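Chain and residue survey
The lines below spell out each chain.
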Amino acid sequence: MLASVKSTVRLLHPGLGLKRWLILLLIGLILLSLGIGLFLRELYAEVTYPAVLRLLLLQSLPRGWRVIIFAAVGAGLAGYSLFQLNKLMLEAFLPDQADMGYIAEQVYRHRRRRRGGPKVVVIGGGTGLSVLLSGLKHHTENITAIVTVADDGGSSGKLRRELGVLPPGDFRNCIAALADDEALTTQLFQYRFRSGGLEGHSFGNLFITAMAGVTGSFEEGLYQSGRVLKIRGSILPSTLANVTLFAEVNAGPQTRTIQGESAIPEANAPIERVYFEPDSPPAFPPAVQAILNADVIVAGPGSLYTSVIPNLLVAEITAAIRASHAKKIFICNVANQPGETDGYTLSDYVQAIEVHTQTGPSPATPNPLFDYILANNNLSCPIPKAMSHLTAVLPAVPPGSKYQVIGADVVDEAHPWRHNSTKLANQLMVWFKNNQFS
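These remarks concern the structure in this document. (Residues numbered from 1 in each chain as written. Predicted model: local features only at pLDDT ≥ 70, side-chain atom pairs only at ≥ 80, totals over all residues. Heavy atoms only, no water.)

Quick look at the layout of surface pockets now. The space that makes up the second largest pocket amounts to roughly 670 Å³. Residue lining of the second largest pocket: 30 residues in total, with Thr 127, Gly 128, Gly 302, Ser 303 and Gln 337 positioned closest to the centre. Of all the elements in the fold, those that place two or more residues in the lining of the second largest pocket are helix 6 (126-136), helix 13 (304-312) and strand 12 (415-419). In terms of residue count, the dominant contributor to the lining of the second largest pocket is helix 6 (4 residues). In terms of residue class, the lining of the second largest pocket is made up of 10 nonpolar, 15 polar and 5 charged. (1 Å grid on protein atoms, 1.4 Å probe; cavity = no way out; pocket = protein on both sides within 12 Å on 5 of 7 lines; lining within 4 Å. Points joined across faces, edges and corners; volume = space filled by probe spheres on them. Helix = DSSP H or I, 4+ residues; strand = E, 2+ residues; numbered from the N terminus. Nonpolar A, V, L, I, M, F, W, Y, C, P; charged D, E, K, R; others polar.)

On to the sheet that holds strand 7 (residues 296-299). Judged by pairing direction, the sheet is parallel, and its 7 strands sit side by side in the order 3-2-1-7-8-9-10 without closing on themselves. The two strands at the open ends of the sheet, each matched to only one other strand, are strand 3 (234-237) and strand 10 (404-408). The average undirected angle you get between the axes of adjacent strands in this sheet is 25°. With 3 bridges joining them, strand 8 (residues 327-331) and strand 9 (residues 372-376) adopt parallel strand pairing. Note on strand 9: the bridge partner recorded for Ile 329 is Tyr 372. (Pairing = 2+ DSSP bridges. Axes fitted to C-alpha atoms, helices over the stretch in contact; angles between N-to-C directions.)

Attention now moves to the nonpolar core. With 90 residues, the main nonpolar core has Ile 235, Phe 330 and Phe 370 as its most contacted residues. A per-element tally of this core places helix 16 (residues 421-435) first, with 6 residues. Discounting residues that sit within four places of it in the chain, Phe 330 has contacts with Ala 299, Leu 304, Val 308, Tyr 349, Ile 353, Phe 370, Tyr 372, Ile 373 and Leu 374. (Core = buried A, V, L, I, M, F, W, Y, C linked by side-chain atoms within 4.5 Å. Buried < 20%, exposed > 50% of the residue type's maximum accessible area, 1.4 Å probe, protein only. Contact = heavy atoms within 4.5 Å.)

Direction vectors running N to C along helix 8 (residues 169-178) and helix 10 (residues 203-215) enclose 100°, while the axes themselves pass 9 Å from each other. Taken as axis vectors, helix 8 and helix 10 run roughly perpendicular relative to one another. Residues Gly 169, Phe 171, Arg 172 and Ile 175 of helix 8 touch helix 10, and the partners they reach there are Gly 204, Asn 205 and Ile 208. Residues that form the contact of helix 8 with helix 10 fall into these classes: 3 nonpolar, 3 polar and 1 charged. (Parallel < 35°, antiparallel > 145°, perpendicular 65-115°, else oblique.)

What follows is the structure, encoded as structure tokens:
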């Protein structure tokens, strides 16, 4: 009960825009009541009523008592009627268990996200990106997810090869993460057909592909998909080019080239570099604009070589990050990914980003792309034996690094090889508030 009252009081919080309309409503009701009262006073005083009606109108009581009784009964009836009318109208949009406290809390959060949330650009792909988005949407709706288009495996790869669309898989995960009803949307979008001609395809991939066909382009289909599902933010591809990701891996005495994003981890060999063919794909202009207008730019978490770095291979994306005045942070994975970052330290992650985003002949970029690194420092949750092929990334400061490492508890204790979406988003927002003016 106390929690409900506290949440309801939030309706009076400064900046929500509710008090002005409540005051205007009160003034209107007073003026309306005054006009009706003057009319009824004349009617009440001048007309002679039968005895029964005189009793109902309380004319035998002093005027002061009549005013109090009529006002109390009228206010009670009006208040109860308004409550029932609002309840009836809101039932179509609210959960069955919703009460006034819930409504007040939702209004407060919505206005806080709309008016006070920073403009956050998140760059990546895969599960890691959707985990971060799931937490961030509770702090701001000014979110732009910039997603890699290198995916070529599973349902996404099949749609890409057969229909010539950009791979929708990572975009599907982002839409589900940013949706209002995340649990239901995720369940729907991740549903995979198990038989027939659609076997192996997820509903979300087919939905985005169909929307692209209806609207005439992948980017417009992506926008309309988000609008239909009322997602909190926007999702953009880093490029619209049909690119293929290649990797050079150290296969003993000689370097071997691996073609295709899905094949790179399966090579199970140390990765020396990744690159696109065709080379130098153009950036999607709205993605560049979002980066330049951002308050915060975040890379990761996610697969280093197949989710994060592919976005940074688009030269205009990297150039926009360097030109932006936003705070820039790289979120390191909690655990290393087999086939990509086996045995990597925090320093190795930093070096990989620097090598792939260099602007000159030197293998080390003079000015780091990101000023900060957020790394998990809660190592008290051991990785289960069933996942023993995973190793935790230690939050050690790389020697001589220009990065500032921020250690924080961001691990999902139930799955200690992943980030916890709530912890991660909270830590990111705390970091931004503490550093936005520095």
